[in-house]
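An overview of the molecular structure
For reference, the chains in residue letters:
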Amino acid sequence: MRRIFSILGILILIGVVAVFVLNTMGYISLDQVSASQPAAEEATELPQVEQPVIANNLIVVDARVVPVQRAALSMAAGGIVDGVLVQEGDVVEEGQVLIRLDSARQKVAVSRAQADVNRVQAQLDELLAGPRAEEVASAQANLEASKARLNKVLKGSEAGDVREVEAQVDSARASLAKVFEGASEEQLISARAEMANAEAALRRAQSAYNEVKWRNDIAALPQAADLEQATNNVEAARARLADLQSGATAADISSARAGVVQAEARLESYLAVLPSDIAAAEADVRNFEAQLNLLTAGAREEAIAAAEANLAVSTASLQDALVSLSETELRAPFAGTVASVDVSLGEQLAGGAGVIQLADLQNWQIETEDLTELQIVNVQPGSVARITFDALPDVEIAGTVNRIRLVGEDNRGDIVYTVIVAPDNLDDRLLWNMTAVVTFE
């Protein structure tokens, strides 16, 4: 813009000088100039409209040298700087770590999320694997035991079984009473007769023995054996008679009483069976049958779907934790040169704070700064341009318009557009933000 105003000022000055000279020589009067309405209008309208600086159909604008690829890098997350791994001028590769923040908390979050994924995955695997053989066997055993209990309850409630147990109670009580009564008269008479018979047999055996007792081989003779047997029979008969005459012993009474107690307890157990006991036993059978069927049927589709959903949630949490961990590192988005580093080790950074300028300093482009809306209409992509540099007056490079930014910006009241010019060749002495002049035909 400053070149436009300079040229306009020169043209106006030349016009004023020409009018003054012609007036002096008498060729033209200032009154005539003022009386000439069209000429006056032209004189007043010329400085009001900014016209492109056109000399021999040329448009000349200011520009500057910038890298084709550049980026102001910032940290996605805040934290304490744990490592500054590059310095200004370093050439880095794409993906190389440039800045690293302290990541202890993020690593713990990743470990916790990974453990949760493992837990949910194990639950899903267990559902898909189905029951183990031991679980099925245990359920079957529980079912058989419950059926046995039900059968026992049902059997105890039958009238025939109750009567049988009642008869056993009566028998035990009769035995106890008999023990207390002692031996009957018939038993005593029979025992006395048995005793008399044994004694008579003993006398006969003794008489026969006496006849041969003088012999040396008496021990081998049958008379000796008969005498011994007869003596034993008398002792046994005497003991039975004495037992009958003495009555029942304490042990006999205790044994008889225990038989009565056992029979009565069994009867009470049978009589204690209620309909509620049967219903409870039947419910146990149904419960264990349901458990066995549930085991053998495997996991429900809804349960598997819920476990899969839990796994998806846990996996997403793990991925979120991994993203948070990755945000503690700043990596180069492309290969280039570190132009500036604005961070120090141990510094507390806020998320979004710019820390590094990165650019590809091997490829340059020229960006115009003051191409007005009146000039831009005469420039199109593909237009040819000549580029000169303030710092390199001996260098002129040809270039081609690459693209034109679609949105103009306000520059001190003028709307200016940025045009990107690709130079045909480069000079090794070019640096970032060097000023240049671009001439469009």
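In case you missed it, the structure is sitting above this.
Summary of the structure given here. Keep in mind that this is a model prediction, so the values were computed, not measured.

**Considerations on the overall build of the protein**
Of the regular secondary structure elements, the protein holds 12 helices and 17 strands. Looking at the protein as a whole, 29% of its 441 residues qualify as buried. Taking the contacts inside the protein whose residues are at least 6 apart along the sequence as the reference set, 78% of them involve residues at least 24 apart.

**Looking at the nonpolar core**
Among the nonpolar cores identified, the biggest contains 25 residues, and Ile366, Val379, Phe389, Val419, Val421, Val438 and Phe440 are the most heavily contacted of them. Breaking this core down by element, the ones donating at least two residues are strand E1 (59-67), strand E10 (364-368), strand E12 (384-389), strand E13 (396-404), strand E16 (419-423) and strand E17 (435-440). With residues up to four places along the chain from it excluded, the contact list for isoleucine 366 reads Ala63, Arg64, Val65, Ile387, Phe389, Val419, Ile420, Val421, Pro423, Ala436 and Val438. Membership of the second largest hydrophobic core comes to 18 residues, among which are Met75, Val92, Ala332 and Val355.

**Things to note about the pattern of salt bridges**
For the structure on display, the rule yields 11 salt bridges. Taking the shortest distance from any N to any O, the salt bridge between glutamate 329 and arginine 100 comes out at 3.3 Å. Placement of glutamate 329 in strand E6 (residues 329-331) and of arginine 100 in strand E5 (residues 97-101) is noted, with a sequence separation of 229 residues between them. Using a relative accessible area of 24% as the deciding quantity, one classes glutamate 329 as partly exposed. Judged by relative accessible area, which is 28%, arginine 100 ranks as partly exposed. A salt bridge links arginine 386 to glutamate 396; the shortest N-O distance between them is 3.5 Å. Of this pair, arginine 386 sits in strand E12 while glutamate 396 sits in strand E13, and the two are 10 residues apart along the sequence. Under the relative-accessibility criterion, arginine 386 is labelled partly exposed at 30%.

**Regarding the side chain of glutamine 365**
With respect to the helices and strands, the residue glutamine 365 is situated in strand E10. Within polar-contact distance, the side chain of glutamine 365 engages the side chain of glutamate 367 at 3.3 Å.

**As for the environment of alanine 174**
Topologically, alanine 174 is positioned in helix H6 (residues 159-181). For the pair alanine 174 and alanine 256, spaced 82 residues apart in sequence, the C-alpha separation works out to 9.1 Å.

**Some remarks on the pairing of E5**
Where burial is concerned, most of E5 is hidden: four out of the five residues are buried. Bridge count for strand E3 (residues 79-84) against E5 is three bridges, and the pairing is antiparallel. If you follow valine 84 over to E5, its bridge partner there is isoleucine 99. Pairing analysis gives three bridges linking E5 to E6, with the strands arranged antiparallel. Within the sheet, the bridge partner assigned to valine 97 lies in E6 and is arginine 331.

**Concerning the sheet that holds strand E15 (residues 414-417)**
Two modes of strand pairing occur in sheets, parallel and antiparallel, and in both the strands are linked by backbone hydrogen bonds. One open sheet accounts for three strands, arranged E11-E15-E14; its pairing is antiparallel. Each edge of the open sheet is held by one strand with a lone partner, namely strand E11 (371-372) and strand E14 (409-411). Two strands pair when backbone bridges link them, and E11 and E15 are joined in this way by two bridges, in the antiparallel orientation. Considered in E15, the bridge of leucine 371 is made with tyrosine 417.

**Looking at unusual backbone geometry**
It is generally the case that most residues other than glycine have a negative phi and that most peptide bonds are trans. Although it is not a glycine, arginine 412 sits at a positive phi angle of roughly 55°. Note that arginine 412 resides in the loop between E14 and E15. Phi at asparagine 433 is positive, roughly 70°, even though this residue is not glycine. Its location among the elements puts asparagine 433 in the loop between E16 and E17. Judged by relative accessible area, asparagine 433 falls into the partly exposed class, the value being 43%.

**A word on the packing of helix H4 (residues 104-129) against helix H11 (residues 301-326)**
The interhelical angle for the contact between H4 and H11, taken along N-to-C directions, is 165°, at an axis separation of 8 Å. The orientation of H4 with respect to H11, classified from their angle, is roughly antiparallel. Crossing angle aside, the handedness with which H4 passes H11 is left-handed.

**Some details on the sheet that holds E6**
Across the sheet, which stays open at both edges, the four strands sit in the order E6-E5-E3-E8 with antiparallel pairing between neighbours. In this open sheet, the two strands that pair with only one neighbour each are E6 and strand E8 (348-349).

**What to know about the pairing of E10**
Remark: a regular strand shows side chains that alternate across the two faces of the sheet. Burial runs high along E10: five of the five residues are buried. The side-chain alternation of E10 yields two buried faces, one formed by Trp364, Ile366 and Thr368 and the other by Gln365 and Glu367. Here E1 runs beside E10; their pairing, made up of five bridges, is antiparallel. Among the inter-strand pairings, proline 67 is bridged to a residue of E10, identified as tryptophan 364. Examined bridge by bridge, E10 and E16 share two bridges and lie antiparallel to one another. In the sheet register, glutamate 367 faces E16, and the bridge partner there is isoleucine 420.

Definitions and cut-offs
- Each chain carries its own residue numbering, running from 1 in the written order of its sequence.
- Only residues with pLDDT of at least 70 get local features here, since the model is predicted, and only at 80 or more are side-chain atom pairs given and counted; chain-wide, interface and lining totals rely on the full set of residues.
- Hydrogens are left out, water is left out, and the side-chain values use all remaining heavy atoms of the structure.
- Helix numbers and strand numbers start at the N terminus; a helix is a DSSP run of H or I with at least 4 residues, a strand a run of E with at least 2.
- Each residue is placed in one exposure class: buried if its accessible area under a 1.4 Å probe, protein chains only, is under 20% of its type's maximum, exposed if it is over 50%, and partly exposed if it falls in between.
- Contacts: residue pairs with any heavy atoms within 4.5 Å of one another.
- Among the buried residues, those of types Ala, Val, Leu, Ile, Met, Phe, Trp, Tyr and Cys that are joined through side-chain atoms within 4.5 Å form a nonpolar core.
- The term salt bridge refers to a pairing of a side-chain nitrogen on Lys or Arg with a carboxyl oxygen on Asp or Glu at a separation within 4 Å.
- Here a polar contact means two N or O atoms within 3.5 Å. Within protein one must be a hydrogen donor candidate and the other an acceptor candidate, and residues neighboring in sequence count only if both atoms are side-chain atoms.
- For two strands to be treated as a pair, DSSP must find at least two bridges joining them.
- Throughout, an axis means a line fitted to C-alpha atoms (over the contacting stretch in the case of helices), and angles, computed between N-to-C directions, take values from 0 to 180 degrees.
- By the definition adopted for this analysis, an angle is roughly parallel if under 35 degrees, roughly antiparallel if over 145, roughly perpendicular if from 65 to 115, and oblique otherwise.
- Helix crossings get a hand from a simple test, with the near helix turned counterclockwise from the far one by less than a right angle marking a left-handed crossing and a clockwise turn marking a right-handed one.

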